[in-house]
Amino acid sequence: VPQKVSASLRDALVGEMTNLRAFAVSLCGDRERADDLVQETLFKAWNHLDSFREGTNLKAWLFTILRNTYFSERRKRRREVEDADGSYADQLASRPEQPGHMEMQDFRAALTRLPDDQREALVLVGAAGFSYEEAAEISGCAVGTIKSRVNRARNRLSDMLGLDETTDSDTPLTKSA
Amino acid sequence: LSPNLQAHIGRHLRAVFDEVANEPLPDRLLRLLKDLERSGDE
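Owing to the predicted nature of the structure, the values given are computational and were not obtained by experimental measurement. (Residues numbered from 1 in each chain as written. Chains lettered and ligands numbered in written order. Predicted model: local features only at pLDDT ≥ 70, side-chain atom pairs only at ≥ 80, totals over all residues. Heavy atoms only, no water.)

(A) A look at the overall build of chain B. The helix and strand tally for chain B stands at 2 helices and 0 strands. Its C-alpha atoms put chain B at 55 × 15 × 10 Å along the principal axes. A total of about 2,300 Å² of accessible surface is found on chain B, and carbon and sulfur atoms cover 49% of it. Charge-centre separation for chain B: the mean point of 6 positive side chains lies 6 Å from the mean point of 8 negative side chains. (Helix = DSSP H or I, 4+ residues; strand = E, 2+ residues; numbered from the N terminus. Areas by Shrake-Rupley, 256 points an atom, 1.4 Å probe, with all protein chains shown as cover. Lys, Arg positive; Asp, Glu negative; His and termini not counted. Charge placed at Lys NZ, Arg CZ, Asp CG, Glu CD.)

As structure tokens, this is what we get:
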């Protein structure tokens, strides 16, 4: 346990919790597991706050801890359960949805079918508000790699959802669009 | 991919993300935060 945590750092940490949780859900597709991940991330972050330099990017630091935790567990798990991919996708697809949200359901299902690294890159840049440079640092890869993952993710989503160039950005997302 | 399709995907992606980000934190995480804060104050 760190000696002294400044109130501002503590508040900043708490302030990132909901975004961190949304990132966790987008990675693993399951709220229960996501909450486990956030919990573990919070523990690790709290115990290593002395290694965090105040004034640097706290959000990126937390996201890095969370994704490293997720991917190292996933590697372990993969050795144990071969069809982990399939079971995550199934869990997510069977989540109860509000009526009238079919297009979001389709989109969410397509998102889970992306390879992990592509989904991560797309979410970091397209939803969590990170630059390509920050996303590269979080994922521990080159900026060009992030850019190509994001491009491949978009193209793959577009294929899965049957989007074409006539799709209006304001129209609902449907397979027949 | 056209800017139109990129915008279309971006809009849905943010909706999926924000749906979770706008949820209140579950009790167990709130409890953990409280515990950590207490341990930090000691």
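Now that the structure has been shown, we can carry on.
(B) Local environment of the packing of helix α4 (residues 58-80) of chain A against helix α7 (residues 116-126) of chain A. All names here are of chain A. The geometry of α4 relative to α7 is characterised by a closest axis approach of 13 Å and an angle of 165 degrees between their N-to-C directions. In terms of orientation, α4 lies roughly antiparallel with respect to α7. Seen along the crossing, α4 lies across α7 with a hand that is right-handed. Judged by residue contacts, Phe-63, Arg-67, Tyr-70, Phe-71 and Arg-74 of α4 engage Asp-116, Arg-119, Glu-120 and Leu-124 from α7. Classifying every residue of the contact of α4 with α7 gives 4 nonpolar, no polar and 5 charged. (Axes fitted to C-alpha atoms, helices over the stretch in contact; angles between N-to-C directions. Parallel < 35°, antiparallel > 145°, perpendicular 65-115°, else oblique. Left-handed = near helix turned anticlockwise from the far one by under 90°. Contact = heavy atoms within 4.5 Å. Nonpolar A, V, L, I, M, F, W, Y, C, P; charged D, E, K, R; others polar.)

(C) Layout of the packing of helix α2 (residues 17-28) of chain A against helix α3 (residues 31-47) of chain A. Residue and element names in this part refer to chain A. Relative orientation of the contacting elements α2 and α3 amounts to 130 degrees, with a least axis distance of 8 Å. Taken together, the axes of α2 and α3 are oblique relative to one another. The two elements α2 and α3 cross, and the hand of that crossing is right-handed. Where α2 approaches α3, its residues Met-17, Leu-20, Arg-21, Ala-24, Val-25 and Cys-28 are matched on the opposing element by Arg-31, Arg-33, Ala-34, Asp-35, Leu-37, Val-38, Thr-41 and Leu-42.

(D) Looking closely at the pattern of salt bridges. Inspection of the entire model under this criterion finds 13 salt bridges over all chains. With its nearest N and O atoms 3.0 Å apart, the salt bridge here joins Glu23(B) to Arg21(A). In this pair, Glu23(B) sits in the loop between α1 (3-21) and α2 (27-41) while Arg21(A) sits in helix α2, so the two residues belong to two different chains. You can call Glu23(B) partly exposed: its relative accessible area is 22%. Note that Arg149(A) is salt-bridged to Asp117(A), the shortest N-O span being 3.5 Å. One end of the pair, Arg149(A), is in helix α9 (residues 143-160); the other, Asp117(A), is in helix α7, and 32 residues separate them in sequence. With relative accessibility at 14%, the residue Arg149(A) sits in the buried group. We classify Asp117(A) as partly exposed; its relative accessible area is 30%. Salt bridges sharing partners connect three or more residues here, namely Arg21(A), Arg31(A), Asp35(A) and Glu23(B). (Salt bridge = Lys/Arg side-chain N within 4 Å of Asp/Glu carboxyl O. Buried < 20%, exposed > 50% of the residue type's maximum accessible area, 1.4 Å probe, protein only.)

(E) Spotlight on the packing of aromatic side chains. Residue and element names in this part refer to chain A. Using the criterion set out here, one finds 4 aromatic pairs over all chains in the structure. Ring plane angle 70 degrees and centroid distance 5.0 Å describe the contact between Phe-63 and Phe-130, whose orientation is recorded as edge-to-face. A residue pair is termed long-range when its members are at least 10 positions apart, and Phe-63 in helix α4 and Phe-130 in the loop between α7 and α8 (132-139) qualify at 67 residues. Since its relative accessible area comes to 0%, Phe-63 is described here as buried. Overall, the relative accessible area of 5% leaves Phe-130 in the buried class. In this arrangement the basic side chain of Lys-59 is found over the ring face of Phe-130, its NZ or CZ atom lying 4.9 Å from the centre. In this structure, Lys-147 is placed above the aromatic ring of Tyr-132, and the distance from its NZ or CZ to the ring centre is 5.5 Å. (Phe/Tyr/Trp six-rings, centres within 6.5 Å; stacked < 30°, edge-to-face > 60°. Lys NZ or Arg CZ within 6 Å of the ring centre and 35° of its normal.)

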